[in-house]
Amino acid sequence: IMATPIDAYAGCIDAFRNIDLSAQMPAITATTLFLVGESDPASTPEIMAAMQAQVPGSHLRVIPGCAHLPSLERPGEVAAALLSFFNGVPRDSAA
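Remember, it's a predicted structure, so these values are computed and weren't measured experimentally.

Student: Sorry if this is basic, but what is going on with the nonpolar core here?
Tutor: One broad rule of soluble globular proteins: the nonpolar side chains tend to lie buried together. Met 25, Phe 34, Val 36, Met 48 and Val 55 together form the largest nonpolar core, which totals 5 residues. In this view, Phe 34 contacts Met 25, Met 48, Met 51, Gln 52, Val 55, Ser 58, His 59, Leu 60 and Arg 61; residues no more than four positions away in its chain are not counted.

In structure tokens, the structure reads:
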């Protein structure tokens, strides 16, 4: 992250800020986990809860004690959340 040029990072932020895919959210059929840090100032838990509410059957996990980079700030909690999620995902019977 630190090696990312500022103008490139700013361009990504600009793109994310200006995109609205909310109309497509209900069409997501994959089992989905929304994972967010409880103190994330950009993708707040409230924003993620609103997104989660639009995706049928999806799940939301708020990671306490971190902000925008839970996988770096609380890797153990993120790993536990992912394992719990993946262990609950039904397996394709054809696999």
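Let us keep going from here.
Student: What's the story with the pairing of strand β2 (residues 59-63) in this structure? I'm lost.
Tutor: Sheet faces and side chains relate simply in a regular strand, where the side chains alternate between the two faces. Bridge count between strand β1 (residues 33-37) and β2: 5 bridges; the pairing is parallel. Residue pairing in the sheet places Gly 37 in a bridge with Ile 63 of β2. Each parallel crossover has a hand, and the one from β1 via helix α2 (residues 45-54) to β2 is right-handed.

Student: How should the packing of aromatic side chains be read in this particular structure?
Tutor: Centre distance and the angle of the planes are the two values used to describe a pair of aromatic rings. Tallied over the entire structure, the rule returns 1 aromatic pair. Taking the centre distance of 5.5 Å and the plane angle of 55° together, the rings of Phe 85 and Phe 86 count as tilted. What makes Phe 85 buried here is its relative accessible area of 12%.

Student: What should I look at first to understand the environment of Tyr 9 in this one?
Tutor: With respect to the helices and strands, Tyr 9 occurs in helix α1 (residues 6-18). The exposure class assigned to Tyr 9 is partly exposed, which follows from its relative accessible area of 46%. Placed 55 residues apart in sequence, Tyr 9 and Pro 64 show a C-alpha to C-alpha distance of 26 Å.

Student: What's the story with the environment of His 59 in this structure? I'm lost.
Tutor: Positionally, His 59 belongs in strand β2. Assessed through its relative accessible area of 40%, His 59 is described here as partly exposed. Separated by 25 residues in sequence, His 59 and Phe 34 have C-alpha atoms that sit 6.1 Å apart. For His 59, the residues in contact, after removing those within four places along its chain, are Thr 31, Thr 32, Leu 33, Phe 34, Gln 52 and Phe 85.

Student: Any chance you could explain the side chain of Ser 58 here in plain terms?
Tutor: Residue placement: Ser 58 occurs in the loop between α2 and β2. For Ser 58, a relative accessible area of 8% gives the class buried. Of note is the side chain of Ser 58, whose polar atom sits 2.8 Å from the backbone oxygen of Val 55. Filtering out sequence-adjacent residues up to four positions away, Ser 58 remains in contact with Thr 32, Phe 34 and Gln 52.

Procedures and definitions
Residues numbered from 1 in each chain as written. Predicted model: local features only at pLDDT ≥ 70, side-chain atom pairs only at ≥ 80, totals over all residues. Heavy atoms only, no water. Core = buried A, V, L, I, M, F, W, Y, C linked by side-chain atoms within 4.5 Å. Buried < 20%, exposed > 50% of the residue type's maximum accessible area, 1.4 Å probe, protein only. Contact = heavy atoms within 4.5 Å. Pairing = 2+ DSSP bridges. Helix = DSSP H or I, 4+ residues; strand = E, 2+ residues; numbered from the N terminus. Right-handed = clockwise from strand over helix to strand, strands pointing away. Phe/Tyr/Trp six-rings, centres within 6.5 Å; stacked < 30°, edge-to-face > 60°. Polar contact = N/O pair within 3.5 Å; in protein donor to acceptor, adjacent residues only side chain to side chain.

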